[in-house]
Amino acid sequence: RLSDLFTLTEDSKGTLWGGNLNQLIKIDKTGKKHRFYDVGYTVRAIYEDVNHNLWVGTEGGGMLLFDRHLNRFTSRYTTENGLSSNSVLSLVDDGAGNLWVSTYNGLVKFNLAKRSFKIFFQNDGLQGNQFQVNAALRLSSQEMVFGGVRGFNLFKPSLIVPSGTSPNLSLTGLNVNNVPIELDHSYVTNITGDLITEIKVPYDKAVFSFVFTALEYAAPNKISYAYYMEGLDKGWTNSGNTRKATYTHIDEGYYTFRVKSTNADGVWGKKEIVLRIVVLPPWYRSWWAYLSYTLAISALIYLFLRYRTKQTKLKYEVTIANLNAQREKAEFEMERSEHEKERMISEKEKELNEKRLTFFTNVSHEFRTPLTLIINPVKDLIERLNSGRSEEYRELNIIYRNARRMLSLVDQLLLFRKTDTGADHINVSKLNFYNLCKDVYLCFTQQANVKMINYDFVAGNKELEIYGDREKIEIVLFNLISNAMKYTPSLGTIKIEIAETAGEVLFSVSDTGYGIPADEGNRIFDRFYQAKRTDNHSKPGFGIGLYLAKQFVEAHSGELYYNSEPGRGTVFFLKLLKEHAHISTTIAEPGADDESVLLKELAADEFAIHINDADEDYVEEELVSDKQAILIVDDEADIRAYIRNVFKSDYTIYEAENGEAGLQAAYAQLPDLVITDYRMEGLDGIELCMKIKEDPALSYIPVILLTGSSSRDVKLNSLKGGADDYIAKPFEKDYLVARVANLLKNRNNLQSYFYNEITLQSNTIVISEEYKKFLDKCITIVERHLNDADFGIKSLANEIGMSHSNLYKRVKSISGQSVSAFIRFIRLRKAAEIMINTACNVNEAAFQTGFNDSKYFSKQFSKLFHLTPSDFIKKHRHSFNKKYKIKT
């Protein structure tokens with residue numbers, strides 16, 4: 001039954017809602033089955049907002065939100081939440097997301113999205129703070145009407161709501177020393193527009209009183225103020241509604257007075273009053289007073305110092321005259337003593353240096369006799385053998401060629417010493433320059449053919465003649481061409497050209513080598529200087545050749561220079577004069593035989609035949625071999641041949657002439673050990689070692705580095721690069737063999753570890769984590785396919801991601817078994833675990849591990865574990881865990 005209804009409304013679905021003294025009522029218009037929801041307070045207003053939320057206003061209980069799906073109240077808002085009164089008299093939606101609520105104590109704007117309240121009172125322009133029940137309406141003009149005890153309010157919400165802008169501020173009063181500024185304008189120093197922005201006040205009148213106000217007329221009592229005197233106050237002073245600030249007894253200095261205010265909403269604005277204030281000091285503390293003090297004190301100090309200087313000068317004039325003679329005498333004696341000491345030290349250093357060079361020269365000279373006694377007998381032995389394919393012939397040929405190389409180095413050192421001391425003189429004669437260049441060119445043809453270099457000689461005048469020392473010009477030409485050969489890679493180009501003008505001859509050697517760094521300049525002609533190369537394309541020399549060439553060319557009044565572009569090549573130019581006017585020595589008559597001793601020695605070098613690797617008997621690599629493999633990487637064929645001969649009887653040998661080829665061979669052949677030179681063209685030994693160790697497919701391969709340097713830094717870099725051993729040249733054959741055998745011995749330890757793992761024995765052998773991971777991976781893959789009797793080499797290679805040949809070599813190196821035996825051993829290992837840890841019989845264990853034939857299973861099991869499967873079960877099923885460690 002419905003009775004005492006105080007409000008009635010219809011929602012968007014056509015349902016009527018009413019409110020009585022203490023209930024919200026959902027009215028059933030047809031069935032009369034009304035639903036009552038207890039509120040506890042008189043319901044004065046019911047309103048559905050634009051979001052279809054049902055709000056209920058009560059008298060004394062605040063405002064409630066009713067959920068029509070849950071049929072219960074979900075939220076309540078009272079004065080504790082921001083309402084001005086708990087008696088809600090009417091509710092109206094302004095269509096902008098706000099719900100306007102009239103109460104007995106003001107009008108409230110409720111933001112539906114933020115659930116926030118904004119309260120308006122009589123001083124905001126309302127007819128009064130008290131409103132009437134249900135006296136509210138939104139008009140079609142979007143204006144809102146609220147009736148109260150003193151009339152009604154009509155407004156547009158968008159116009160009434162404060163905009164949040166801060167009001168303008170104005171300084172309405174300023175007193176200086178209790179005198180208004182209007183009565184004394186002398187303190188004002190700057191005015192902007194009609195505003196005073198700066199005043200300047202004497203020290204004894206620095207008493208200020210400021211009056212300010214915000215231009216807000218609607219709600220001036222809601223404005224708060226704060227002021228701050230920069231240079232005096234530590235922070236802002238909040239004065240509330242007070243619009244006055246006073247300061248007394250301010251010291252001299254510069255200050256800025258600032259004032260700011262809030263708007264009617266209590267938000268501090270950015271607008272400020274800014275007034276600059278300068279308080280002048282008393283005259284005795286002014287800047288000109290301090291300047292006067294400084295000038296007066298400075299004048300007194302100056303006068304005192306001047307007086308003292310004069311007195312001191314007079315006092316010492318007499319003594320200075322007496323001491324000058326003594327000092328000059330002492331300085332003369334000291335200077336003579338210093339000169340004598342420097343002369344003696346210089347002579348001793350020169351004498352010591354000369355002794356060192358003489359000793360060096362004598363020792364180098366003594367090398368010639370034993371080298372001659374080595375070269376000639378070896379040459380005789382080679383001639384007697386007269387066979388290029390015998391092992392003795394090859395080894396003697398290596399001895400002969402390297403002994404001649406040592407003799408050539410000794411000759412260069414002696415020639416360098418002779419030139420450096422000035423004891424060498426040029427022996428000038430008339431020379432056919434074309435024939436001389438052609439002879440030197442031909443000495444390098446074989447070397448160019450070996451390196452597959454496009455080697456060319458271009459000259460026009462075959463009768464071209466110059467005056468000079470044949471031997472020294474030959475040395476210059478040999479150095480230039482040999483450097484081009486040294487720094488030009490295989491398949492490159494070297495071109496020798498001769499051009500002439502009326503009075504000059506220009507000889508040039510161009511190559512397509514690696515070039516000379518741009519910052520080297522003419523330093524490459526300094527003695528003992530070696531260009532700093534970062535490309536590792538060649539081994540450095542001694543810094544003698546180009547120095548000698550430069551000295552010999554200058555002795556002929558010629559020029560030696562070059563042009564180079566790094567990465568593209570170098571051209572050396574030799575410029576000589578044709579006539580003999582520049583020659584100061586006697587010109588010798590040309591002999592019947594112009595061929596020099598140097599060319600004869602080089603021709604003798606041709607006797608040392610370079611054995612081509614193609615002449616070696618080629619042994620086809622076996623697909624399956626018990627021999628371990630060694631890869632030799634060195635850019636010197638003699639070293640490779642020597643090491644190959646040392647190991648070829650016991651190992652399978654692979655060779656590579658540089659680092660790049662060595663790395664490719666390591667991937668292709670997967671050797672058991674790598675022996676590499678430290679310094680090579682392109683990829684050097686340490687870089688090759690690092691690439692091998694960084695690749696999981698090669699990292700297990702031990703690497704031995706060979707080098708001619710015994711420095712600590714080279715050893716340290718080798719170990720940092722991952723080398724397993726470091727051997728300095730020259731090395732003993734037995735030592736190298738022992739080091740290789742020791743490193744390969746680890747393979748046996750590795751295979752013992754594999755056997756212990758497979759036979760489930762306790763494993764005390766320590767191996768690298770790399771091998772252990774590979775073995776565990778193989779065991780996991782095979783055990784995953786135990787039920788597949790057809791699982792074999794191809795399946796394992798596909799799952800592990802390796803080729804058949806690489807997988808075979810890797811498994812062979814770890815286990816010593818073929819891949820098929822390797823897989824079978826893992827199946828047998830799992831069968832042993834099953835028979836130990838479960839109650840399975842022999843046949844069940846065999847079938848579970850992929851053996852279809854129990855007899856074959858028993859035979860293979862007995863070979864591996866040395867017990868029949870039945871005896872194995874009897875022996876280990878109950879006692880296994882006490883004696884063995886099971887690996888899974």
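Just above sits the structure.
A few words on the packing of helix 4 (residues 433-442) against helix 6 (residues 470-487). Interaxial distance between helix 4 and helix 6 falls to 10 Å at its minimum, and their mutual angle equals 45°. Here helix 4 lies oblique to helix 6, going by the angle between them. For the crossing formed where helix 4 meets helix 6, the hand is right-handed. The segment helix 4 lies against helix 6, with Phe 433, Leu 436, Cys 437, Asp 439 and Val 440 engaging Arg 470, Ile 473, Glu 474, Leu 477, Phe 478 and Ile 481. The residue inventory of the contact of helix 4 with helix 6, partitioned by class, reads eight nonpolar, no polar and three charged.

The next point concerns the environment of Pro 202. The topology assignment puts Pro 202 in strand 19 (residues 195-202). With 50 residues separating them in the primary sequence, Pro 202 and Glu 252 have C-alpha atoms 8.3 Å apart. Once residues lying within four places of it in the same chain are set aside, the contact partners of Pro 202 are Tyr 187, Val 279 and Leu 280.

Where strands meet in a sheet, backbone hydrogen bonds hold them as pairs that are either parallel or antiparallel. Overall, antiparallel pairing links the four strands, which are arranged 1-2-3-4 in an open sheet. A strand with exactly one partner marks an edge of an open sheet, and here the two such strands are strand 1 (7-10) and strand 4 (35-38). Neighbour-to-neighbour, the strand axes of the sheet open up by a mean angle of 20°, direction not taken into account. Judged from the four bridges that link them, strand 1 and strand 2 (residues 16-19) form a sheet pairing that is antiparallel. Bridging from a neighbouring strand, Thr 7 pairs with Gly 19 of strand 2.

In this structure, His 52 takes a positive phi of about 65° despite not being glycine. Structurally, the position occupied by His 52 is in the loop between strand 5 (42-48) and strand 6 (54-59). Not every positive phi belongs to a glycine, and Asn 71 is a case in point at roughly 55°. Structurally, Asn 71 is set in the loop between strand 7 (63-67) and strand 8 (72-77).

What follows covers a nonpolar patch on the surface. A surface patch of nonpolar side chains, about 1400 Å² in accessible area, is lined by Trp 283, Tyr 284, Trp 287, Trp 288, Tyr 290, Leu 291, Tyr 293, Leu 295, Ile 297, Ile 301, Phe 304 and Leu 305. The residue Phe 304 is located in helix 2 (residues 287-385) in this model.

What follows is about the sheet that holds strand 21 (residues 225-230). Strand order in the open sheet formed by six strands is 18-19-25-24-21-22, with mixed pairing between adjacent strands. Whereas interior strands pair on both sides, the edge strands pair on one side only; in this sheet they are strand 18 (188-192) and strand 22 (237-240). Across the sheet, the mean angle from the axis of one strand to that of its neighbour is 20°, orientation sign disregarded. Here six bridges tie strand 21 to strand 24 (residues 253-262), and the two strands are oriented antiparallel to one another. Note on strand 24: the bridge partner recorded for Tyr 228 is Arg 258.

Criteria and cut-off values
- Residues numbered from 1 in each chain as written.
- Predicted model: local features only at pLDDT ≥ 70, side-chain atom pairs only at ≥ 80, totals over all residues.
- Heavy atoms only, no water.
- Axes fitted to C-alpha atoms, helices over the stretch in contact; angles between N-to-C directions.
- Helix = DSSP H or I, 4+ residues; strand = E, 2+ residues; numbered from the N terminus.
- Parallel < 35°, antiparallel > 145°, perpendicular 65-115°, else oblique.
- Left-handed = near helix turned anticlockwise from the far one by under 90°.
- Contact = heavy atoms within 4.5 Å.
- Nonpolar A, V, L, I, M, F, W, Y, C, P; charged D, E, K, R; others polar.
- Pairing = 2+ DSSP bridges.
- Patch = residues over 30% accessible without salt bridge, like charges linked within 9 Å, V, L, I, M, F, W, Y side chains within 5 Å.
- Areas by Shrake-Rupley, 256 points an atom, 1.4 Å probe, with all protein chains shown as cover.
- Salt bridge = Lys/Arg side-chain N within 4 Å of Asp/Glu carboxyl O.

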